[in-house]
Amino acid sequence: QVQLVESGGGLVQAGGSLRLSCAASGRSFSWCTMAWFRQAPGKEREFVAVITWSGGGTYYADSVKGRFTISRDNAKNTVYLQMNSLKPEDTAVYYCAEDCRARAPGVTRDEYDSWGQGTQVTVSS
């Protein structure tokens, strides 16, 4: 069974940047679609970004498009989320997730099988 472990969260001022990492252990995830979701207090978990197994395809939520970049290094079994121009409304716990069923990249929670424990991102105004 794969374990996904996120890191890189923290406290940053508005306009700043953070880079989140999600490392997979237990097996390779090179054939899996990987995604980032986030959940703010009192809100539903929402889609942020997704990347195909090869890294050749990416898709973003409108709220982060142009500011966030998802990437992956299959040799390191790691997926990244570079977050620039952060806003207070980006404050949330960020989760990575994988879908290894060779389907089209999804944007809903129930399309993903394994999840990390999350990393907190707090953006101060």
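Residues numbered from 1 in each chain as written. Predicted model: local features only at pLDDT ≥ 70, side-chain atom pairs only at ≥ 80, totals over all residues. Heavy atoms only, no water.

Peer 1: In this structure, what is going on with the packing of aromatic side chains? I would like to understand it.
Peer 2: For the coordinates displayed, the defined rule picks out 5 aromatic pairs. On the basis of an interplanar angle of 70° and a centroid distance of 6.4 Å, the ring pair of tyrosine 112 and tryptophan 115 is categorised as edge-to-face. According to the relative accessible area criterion, tyrosine 112 is buried, its value standing at 5%. Overall, the relative accessible area of 26% leaves tryptophan 115 in the partly exposed class. Arginine 45 extends its terminal NZ or CZ atom over the ring of tyrosine 95, reaching a point 3.6 Å from the ring centre. Across the ring face of tryptophan 115, the terminal group of arginine 45 is positioned such that the distance to the ring centre comes to 5.0 Å. (Phe/Tyr/Trp six-rings, centres within 6.5 Å; stacked < 30°, edge-to-face > 60°. Buried < 20%, exposed > 50% of the residue type's maximum accessible area, 1.4 Å probe, protein only. Lys NZ or Arg CZ within 6 Å of the ring centre and 35° of its normal.)

Peer 1: Is there a simple way to explain the state of the cysteines in this structure?
Peer 2: When the sulfur atoms of two cysteines share a covalent bond, that bond is a disulfide. Tallying each qualifying case throughout the model produces 2 disulfides. Residue cysteine 22 pairs covalently with cysteine 96 via a disulfide, S to S 1.9 Å. Linking cysteine 22 and cysteine 96, the disulfide has an S-S dihedral of approximately 50° and is accordingly described as right-handed. In this pair, cysteine 22 sits in strand S3 (residues 18-25) while cysteine 96 sits in strand S9 (residues 92-99), placing the two residues 74 residues apart along the sequence. Each sulfur in the disulfide pair cysteine 32 and cysteine 100 lies 1.9 Å from the other. Between cysteine 32 and cysteine 100 the disulfide shows an S-S torsion of about 100°. By sign, it is right-handed. Residue cysteine 32 is found in the loop between S3 and strand S4 (33-39), and its partner cysteine 100 is found in the loop between S9 and strand S10 (114-115); the two are separated by 68 residues along the sequence. In this structure cysteine 32 comes out as buried when scored by relative accessible area, which is 0%. Look at cysteine 100 and you get partly exposed, because its relative accessible area is 21%. In the protein chain, the cysteines engaged in disulfides, taken in order along the sequence, are linked 1-3, 2-4. (Disulfide = S-S within 2.5 Å. Helix = DSSP H or I, 4+ residues; strand = E, 2+ residues; numbered from the N terminus.)

Peer 1: Looking at this structure, I do not really get the pattern of salt bridges. What am I missing?
Peer 2: Any two side chains of opposite charge can pair, so long as their charged atoms come close to each other. Under the defined criterion, the tally for this structure stands at 8 salt bridges. Measuring nitrogen to oxygen at the nearest pair gives 3.2 Å for the salt bridge that ties aspartate 99 to arginine 103. In the salt-bridge network here, residues are joined through shared partners; they are Arg38, Glu46, Arg67 and Asp90. (Salt bridge = Lys/Arg side-chain N within 4 Å of Asp/Glu carboxyl O.)

Peer 1: Looking at this structure, how should I read the sheet that holds strand S7 (residues 68-73)?
Peer 2: Note on sheets: strands pair through backbone hydrogen bonds, and any given pair is parallel or antiparallel. Strand order in the open sheet formed by 4 strands is S1-S3-S8-S7, with antiparallel pairing between adjacent strands. Two strands bound the open sheet, and with one partner strand each, they are strand S1 (3-7) and S7. Neighbour-to-neighbour, the strand axes of the sheet open up by a mean angle of 15°, direction not taken into account. (Pairing = 2+ DSSP bridges. Axes fitted to C-alpha atoms, helices over the stretch in contact; angles between N-to-C directions.)

Peer 1: I'm lost on the nonpolar core in this one. Help?
Peer 2: Soluble, globular proteins show a tendency: their nonpolar side chains are buried together. Within the largest apolar cluster, 35 residues are counted, with the highest numbers of intra-cluster contacts made by Trp36, Leu81, Met83 and Tyr94. Sorting the residues of this core by element identifies S3, S4, strand S5 (46-51), S7, strand S8 (78-83), S9 and strand S11 (119-124) as the ones contributing at least two each. In terms of residues, this core owes the most to one element, S5, which gives 5 residues. In contact with methionine 83, other than residues within four places in its own chain, are Gly16, Ser17, Leu18, Leu20, Arg67, Phe68, Tyr94 and Val121. (Core = buried A, V, L, I, M, F, W, Y, C linked by side-chain atoms within 4.5 Å. Contact = heavy atoms within 4.5 Å.)

These figures come from the coordinates and say nothing about function on their own.
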